[in-house]
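# Observations on the model geometry
What follows is the residue order along each chain.
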Amino acid sequence: MASALEDPALERYFKGHKAAITSVDFSPNGKQLATASWDTFLMLWNCKPQARAFRYVGHKDVVTSVQFSPLGNLLASASRDRTVRLWIPDKRGKSSEFKAHTAPVRSVDFSANGQFLATASEDKSIKVWNMYRQRFLYSLYRHTHWVRCAKFSPDGRLIVSCSEDKTIKIWDTTNKQCVNNFSDSAGFANFVDFNPNGTCIASAGSDHTVKVWDIRVNKLLQHYQVHSGGVNCVSFHPSSNYLITASSDGTLKILDLLEGRLIYTLQGHTGPVFTVSFSKGGELFSSGGADAQVLLWRTNFDDLNCKDMMKRNLKRLHFDASPHLVDIYPRTPHPHEGKIETVEINPKLEVIDLQTSSPPVVDVLSFDSTITVSILEQRLTLTEDKLKDCLENQQRLFNVIQQKS
């Protein structure tokens, strides 16, 4: 772990994709990194040097989003081929395919307990799936244009979504209703997510801005104009004190949310940066972009136990209380006292002997145990009981295939 006096540092490059990187996500234990790309493949990288990488073959078009389940035993992916896939992240690469969206799927997100999956699509809907039975549950319709992203709150009670209709909506998962709505006339949000304690959301704007909202009182808390291009992705540090942003201007920015200012500008990519994500413990972050490279960075932030942090943040959820900065962003020892100017880091200029990882890549062809849910809501011809029986039979078949292979 870097000391608090050091700046974030680029540790490794991962090379293997043939086209732009669209999404990155760390496994819960931080030992693996999953990436999605325009080349239609998922890749699974081992953070240990010289280890093999796995390339998962199954999607027929651009893979737009990838995420590990909370236990790390599943990998969900979304694609422009209108499907969602669940993969077993090992060298055999078995997968299940979900078909319910009628247009490209833009994002996937597991609930914190791993029981549900939310998917967002250009068919203007958000869909929620039951992971235990691997079946479709319900859709959320209120957006009037493509939905670019949907994320669960830490406690699973809410979903936040953003759309090209220039709105951000908050949904109650219990009554399936939209309970909050944020509008922006200047642009639309490319990406949106909850902070770890669930009281705020951050949005990545096509109008080059980053905004942090309090969802209890519909109040804009912070508004950053630090990029010269559209912001494509944001990621909260587990402490909630920092936010990292990825932009089409080719840079990553790290924002100090306690002080409300930019503290780092990171230059390492050639061309637009499309995705960035902190590891679950916050000691690492990864980024990917149009240059088809995956960069692995080490932070200089507080070393946190992720499970302890999540437990503490979940206890802080109290929607009736009035918001306060200390409540929204729990105060921890601050390592940037006295730093007035923004620090710019360009590792390609400053690091001569940077380790470049082009590990041997193993292609994994998906063993397709397809679960096809050809619905949608009003068009269902099967009764709920028949559909339930059908899905359970297919799950049993899937289990038999697993045992035989």
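Just so it is clear, the structure is predicted and the values come from calculations on it, not from any experiment. (Residues numbered from 1 in each chain as written. Predicted model: local features only at pLDDT ≥ 70, side-chain atom pairs only at ≥ 80, totals over all residues. Heavy atoms only, no water.)

We now examine the environment of P238. Along the chain, the position of P238 falls in the loop between β22 (231–236) and β23 (242–247). Residues P238 and S279, 41 residues apart in the sequence, show an inter-C-alpha distance of 8.6 Å. (Helix = DSSP H or I, 4+ residues; strand = E, 2+ residues; numbered from the N terminus.)

Another aspect to go through is unusual backbone geometry. At Q134, a position not held by glycine, the phi torsion is positive, near 50°. By the secondary structure assignment, Q134 is in the loop between β12 (125–130) and β13 (135–141). We note that H208 has phi near 80°; this positive angle belongs to a residue other than glycine. Looking at the element boundaries, H208 is found in the loop between β19 (200–205) and β20 (210–214).

This part takes up the packing of aromatic side chains. For the structure shown, the criterion picks out seven aromatic pairs. Ring plane angle 70° and centroid distance 5.7 Å describe the contact between F278 and F285, whose orientation is recorded as edge-to-face. Looking at F278, the relative accessible area reads 4%, which means it is buried. Residue F285 is classed as buried on the basis of its relative accessible area, which comes to 0%. Every member of this aromatic cluster is reached through a ring pair, and the members are F98, W129 and F136. Over the aromatic face of Y138 sits the side chain of K176, whose NZ or CZ is 4.7 Å from the ring centroid. (Phe/Tyr/Trp six-rings, centres within 6.5 Å; stacked < 30°, edge-to-face > 60°. Buried < 20%, exposed > 50% of the residue type's maximum accessible area, 1.4 Å probe, protein only. Lys NZ or Arg CZ within 6 Å of the ring centre and 35° of its normal.)

A few words on the sheet that holds strand β4 (residues 42–46). Adjacent strands of a sheet form backbone hydrogen bonds with each other and so pair up, either parallel or antiparallel. Read from one edge of the open sheet, five strands run β2-β3-β4-β5-β31, paired in mixed fashion. Unpaired on one side and paired on the other, β2 (21–26) and β31 (361–365) mark the two borders of the sheet. Put simply, the sheet's adjacent strands are angled 20° from each other on average, direction ignored. Sheet analysis places β4 next to strand β5 (residues 53–57), joined by three bridges and oriented antiparallel. In the sheet register, L44 faces β5, and the bridge partner there is F54. (Pairing = 2+ DSSP bridges. Axes fitted to C-alpha atoms, helices over the stretch in contact; angles between N-to-C directions.)

Function cannot be inferred from these measures alone, as they are strictly geometric.
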